[in-house]
Every structure is written in structure tokens, then in C-alpha cells.
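Examining the three-dimensional arrangement
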Amino acid sequence: MWSIVLMGLAGLLVGGALSFRQQRKPLWTQISFYVLAGMALLAAYLLTLPGT
């Protein structure tokens, strides 16, 4: 369940980064949104691994 929520969050973050790019916002905001989206996808992947 949480992995689906995190994947949706990553999609929203990528959409926000693309929106900031279109609005010509500073580059660091776009990069931070992409990094956060990557971290959300990594967390979603790690939640799918079998626990011990």
C-alpha cells in the first residue's frame, strides 16, 4: 500500500519539477524535486523487498 502512495508522490514531484521548469524558476528547485522523487521511488522499491 505504501509503495503505491510513494510512487504517486514521486509522480507529483516530477510534475512539479516540470512545472517549475516551464515557469523558469531557479534550477536548484527543479533538482531538489527530482532528487525527492528519486528518493520516493527508492523507498517504494525498498518497501517491496521481503523483510527478515
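Presented here is an overview of the structure given in this document. No experiment lies behind these values; they were computed from the predicted model shown. (Residues numbered from 1 in each chain as written. Predicted model: local features only at pLDDT ≥ 70, side-chain atom pairs only at ≥ 80, totals over all residues. Heavy atoms only, no water.)

Along the backbone of the protein there are 2 helices and 0 strands. Against the globule reference of 10 Å for 52 residues, the protein gives a C-alpha radius of gyration of 13 Å, more extended than a compact globule. With the C-alpha coordinates aligned to their principal axes, the bounding extent of the protein is approximately 45 × 15 × 10 Å. A buried classification covers 21% of the 52 residues belonging to the protein. (Helix = DSSP H or I, 4+ residues; strand = E, 2+ residues; numbered from the N terminus. Rg over C-alpha atoms; globule rule 2.2 N^0.38 Å. Buried < 20%, exposed > 50% of the residue type's maximum accessible area, 1.4 Å probe, protein only.)

It is at 8 Å that the axes of helix α1 (residues 2-22) and helix α2 (residues 27-48) come closest, and there the two elements cross at 165°. Considering their axes alone, α1 and α2 lie roughly antiparallel with respect to each other. When the axes of α1 and α2 are compared, the crossing they make is left-handed. Contacts between α1 and α2 involve Trp2, Ser3, Leu6, Met7, Ala10, Leu13, Val14, Gly16, Ala17, Leu18, Phe20 and Arg21 from the first element and Thr29, Gln30, Phe33, Tyr34, Leu36, Ala37, Ala40, Leu41, Ala43, Ala44, Leu47 and Thr48 from the second. Here the residues of the contact of α1 with α2 sort into 18 nonpolar, 5 polar and 1 charged. (Axes fitted to C-alpha atoms, helices over the stretch in contact; angles between N-to-C directions. Parallel < 35°, antiparallel > 145°, perpendicular 65-115°, else oblique. Left-handed = near helix turned anticlockwise from the far one by under 90°. Contact = heavy atoms within 4.5 Å. Nonpolar A, V, L, I, M, F, W, Y, C, P; charged D, E, K, R; others polar.)

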